[in-house]
Amino acid sequence: MRFLLFLAAGLLLAGCLDNPPYERPQLPLPQQWQQAQTAGGAADDSWWAGFGDATLQNLQQQAAAGNPDLRMAVDRMLIARDAVRGARSHLYPSVAINGVPPDPINTTLTTHGGHDLDVDQNVYELSIDADYELDFWGRVHNSILAANAGYQASVFDAGSAFIALRCDVARTYFELREEDEALALAQQRLDIAGERVRLTQLRVAAGRVAAASTLEAQQAQREAQERSETLQAARRSSADALAVLIGVTPESFDLPAQPLSTSTTVPAPPQGLPSTLLERRPDIRAAEARLQAAHADIAVARAALFPQIALTAQFGYVVEAVHTISTRGSTLVGIGPTIRYSVFDAGRLKANLDASRRQQDLLLADYQKSILAGLADVEKALSGYRLSGNAAQRITLAQQDQQTQLRRLQQGVDAGRQSRLELIAAQDHALELQEQAVAVYRLRLDSLLGLFQALGGGWSAGDLPLPADAPAEPEGSASQP
């Protein structure tokens, strides 16, 4: 009867300790981006396909299956998934079998005749113990909430790693293709430099120019040769970096040369409002999930200030055998509540509660920071896209003017009015403008990559490469981007 009264009082107190449900912090968000955004479609989860490059799509598939960093992120996610399973186990009783093996004890018995007898006494004990915590104060419930929120955060962390991997693969691939095109242009400039040396030597031999002109032409040729060799080394470095991203050895990986401007197209920039970042960006969702976990941890720390009540049961059998003398046994049966309450802990539990509250404040600031950083990332990417577009227009105009100049000089050479060296210099400048155009083209692609990454997307929990022995998704814990 007393226990029932205590139970009713505990349930009444438990109602007073109910932790308020988590609510997303209200943060002011802009309605539009500051940078003007060119019209485009919604961000596609397969945005890399929009660049129209089959090789890039194949590399993305290889990276998803073989990248070590992504596998580590998935392993951390599975560790958090196991933690949810461990927290949920407290919803059920724990049952254990306890046994005490024979423990020989040498004793001496004295008979009525005064004779001493050595006796080998063995004690055997076997019991089944069950324990179940009555979750009056919500400790178990909130521990599960905290573990589940931590798991959600790990899923979104894996999503961030997935998006970053996809962007790194595309960025490194574009770099390699830019170097392919730059190498072809560098070889043309090297050929022009060789022709300039030849023509200059002829003019020196004819006494038309000073010998110093040859030295100048030869220096330009050496610089062109050095540039070509530098690009070859950079191209090899890019191929090695791409091999690491897709999870293969650098020695076994290479791609046939292909110009960047012909292998890829520039898709329209994706649309997206600032408010969509809260749902699409996995790093922001991970920060919020950690905030939710901290909210639940406060309830767990608060529950520790109150008595822990459990139901326990025991059934067992004890046998004491004295060889050649007697054998007797007894049965152990017990059931009832147990109460554990900390009377003095030098402020440890209160300190844990205060620390949990401080942790929530810290994670709230981190959540706010992640949103601000996300907004800044989008603005930066939009600005880069706009600036690269302006630069591309300027270079296009310069190339058109240079082509006009080349036609005029060619006509002058054909008519004998212009020196061929002037035409060669103009051709070299045209190639230099083409190199600049390729570099700006790549900057435009990179700005789009930054925009896709800043807006989120490009992953789903179902696309994560799980090992064959991965545990099942905990009930009610599914995470979607």
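As a reminder, the structure under discussion sits directly above these lines.
No experiment lies behind these values; they were computed from the predicted model shown.

Undergrad: Explanation requested: the packing of helix H8 (residues 282–303) against helix H9 (residues 348–414) in the structure shown.
TA: The description of two packed helices rests on the angle between their axes and on the distance between the axes. Remark: H8 packs on H9, axes separated minimally by 9 Å, with the N-to-C direction vectors making an angle of 165 degrees. Judged by the inter-axis angle, H8 sits roughly antiparallel to H9. Both H8 and H9 take part in a crossing whose hand is left-handed. Packed against H8, whose contacting residues are Ile284, Ala287, Glu288, Arg290, Leu291, Ala294, His295, Asp297, Ile298, Ala301 and Arg302, the element H9 presents Asn352, Leu353, Ser356, Arg357, Gln359, Gln360, Leu363, Leu364, Asp366, Tyr367, Ser370 and Ile371 at the interface. Looking at the contact of H8 with H9 residue by residue, the class counts come to 11 nonpolar, six polar and six charged.

Undergrad: I keep staring at the packing of aromatic side chains and nothing clicks. Help me out?
TA: Think of a pair of aromatic rings as described by two things: how far the centres are apart, and how the planes are tilted against each other in angle. With the rule as written, the count across this model stands at eight aromatic pairs. Ring centres of Phe51 and Phe174 lie 5.1 Å apart, and the angle between their planes is 65 degrees; on these two criteria the pair is classed as edge-to-face. Placement of Phe51 in the loop between helix H1 (2–16) and helix H2 (54–66) and of Phe174 in helix H4 (residues 139–205) is noted, with a sequence separation of 123 residues between them. Both residues of the pair, Phe51 and Phe174, count as buried. Ring geometry for Phe51 and Phe452: centres 6.4 Å apart, planes at 75 degrees, overall edge-to-face. Of the two residues, Phe51 is situated in the loop between H1 and H2 and Phe452 in helix H10 (residues 420–455); the sequence distance between them amounts to 401 residues. Neither residue differs from the other here; Phe51 and Phe452 are each classed as buried. A connected cluster of aromatic rings, assembled from ring pairs, spans Trp47, Trp48, Phe51, Tyr173, Phe174 and Phe452. The ring of Trp48 is capped by Arg166, whose NZ or CZ atom sits 3.9 Å from the centre of that ring. The ring of Tyr385 carries the charged tip of Arg444 above its face, separated from the ring centre by 4.0 Å.

Undergrad: Hey, could you run me through the pattern of salt bridges in this one?
TA: Two side chains carrying opposite charge are able to pair once their charged atoms lie near each other. Enumeration according to the criterion identifies 23 salt bridges in this entry. A salt bridge links Asp168 to Arg171; the nearest nitrogen and oxygen atoms lie 3.4 Å apart. With Asp168 and Arg171 both in helix H4 and three residues apart, the pair spans about one turn of that helix. On the accessibility criterion, Asp168 (33% relative accessible area) is partly exposed. Relative accessible area serves as the criterion here: at 25%, Arg171 is assigned to the partly exposed category. With a shortest N-O distance of 3.4 Å, Arg281 and Asp377 are connected by a salt bridge. Of this pair, Arg281 sits in the loop between helix H7 (277–280) and H8 while Asp377 sits in helix H9, and the two are 96 residues apart along the sequence. Via salt bridges that share partners, Arg177, Asp180, Arg235, Arg236, Asp240 and Asp254 belong to a single interconnected network.

Calculation rules
Residues numbered from 1 in each chain as written. Predicted model: local features only at pLDDT ≥ 70, side-chain atom pairs only at ≥ 80, totals over all residues. Heavy atoms only, no water. Axes fitted to C-alpha atoms, helices over the stretch in contact; angles between N-to-C directions. Helix = DSSP H or I, 4+ residues; strand = E, 2+ residues; numbered from the N terminus. Parallel < 35°, antiparallel > 145°, perpendicular 65-115°, else oblique. Left-handed = near helix turned anticlockwise from the far one by under 90°. Contact = heavy atoms within 4.5 Å. Nonpolar A, V, L, I, M, F, W, Y, C, P; charged D, E, K, R; others polar. Phe/Tyr/Trp six-rings, centres within 6.5 Å; stacked < 30°, edge-to-face > 60°. Buried < 20%, exposed > 50% of the residue type's maximum accessible area, 1.4 Å probe, protein only. Lys NZ or Arg CZ within 6 Å of the ring centre and 35° of its normal. Salt bridge = Lys/Arg side-chain N within 4 Å of Asp/Glu carboxyl O.

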